[in-house]
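These are the residues of each chain, in order.
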Amino acid sequence: MRIVFDSKTGNVKRFVQKLGMVCDQIKPDLQIDEPFILITYTTGFGQVPQTTKEFLSHKGQLLQGVVSSGNMNWGKLYGHAADLISEQYDVPVLMKFELSGTNKDVARFKQEVDQIVYSNRQMDSA
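Residues numbered from 1 in each chain as written. Predicted model: local features only at pLDDT ≥ 70, side-chain atom pairs only at ≥ 80, totals over all residues. Heavy atoms only, no water.

J.: What should I look at first to understand the packing of aromatic side chains in this one?
T.: We describe a pair of aromatic rings using the distance from one ring centre to the other and the angle between the two ring planes. Going through the model one piece at a time under the given rule, you end up with 4 aromatic pairs. Between Phe36 and Phe55, the aromatic rings sit 5.5 Å apart at their centres with planes inclined by 65 degrees, giving edge-to-face as the arrangement. Highlighted residues: Phe36 in strand E3 (residues 36–41) and Phe55 in helix H2 (residues 50–59), separated in sequence by 19 residues. In terms of burial, Phe36 and Phe55 fall into one category: buried. Through pairs of rings, three or more aromatic residues link up here, namely Phe15, Phe97 and Phe109. (Phe/Tyr/Trp six-rings, centres within 6.5 Å; stacked < 30°, edge-to-face > 60°. Helix = DSSP H or I, 4+ residues; strand = E, 2+ residues; numbered from the N terminus. Buried < 20%, exposed > 50% of the residue type's maximum accessible area, 1.4 Å probe, protein only.)

Structural data, given as structure tokens:
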């Protein structure tokens, strides 16, 4: 499963570096034509970053699930970008993690990815 991420302050980038997986950062020239999982951050008052919005406006049909970093100090708006993207693109919020995540968060992310890959294989063989 392809992993695409957006990072502003470096928290998401530090998280993906812990994964030991190939991950592509959102950039204007990023070419993707296969299903992917998105890891992004929440900005402002629970908003989706503009760079993430622009990327999804072209590639959102390939989105399989979303993950967001955040800060629990924001209460109900913690990681809210994932909730907004999930609603708009009808994909699951796989998880949220605080700042650059913990080793537990990394393990959980890998489990979530494995589950999506397994589900996709089951659907393909049906």
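From this point, things continue past the structure.
J.: Quick question: what am I supposed to make of the pairing of strand E4 (residues 63–70) here?
T.: Consecutive side chains of a regular strand alternate in pointing toward one face of the sheet and then the other. Burial analysis of E4 places 7 of its 8 residues in the buried class, which makes it a mostly covered element. Examined bridge by bridge, E3 and E4 share 6 bridges and lie parallel to one another. Bridge pairing in E4 links Leu38 to Val66. Chirality of the crossover, the property in question, places the unit of E3, H2 and E4 among those that are right-handed. Looking at chain direction, E4 and strand E5 (residues 93–98) are connected through 5 bridges and run parallel. (Pairing = 2+ DSSP bridges. Right-handed = clockwise from strand over helix to strand, strands pointing away.)

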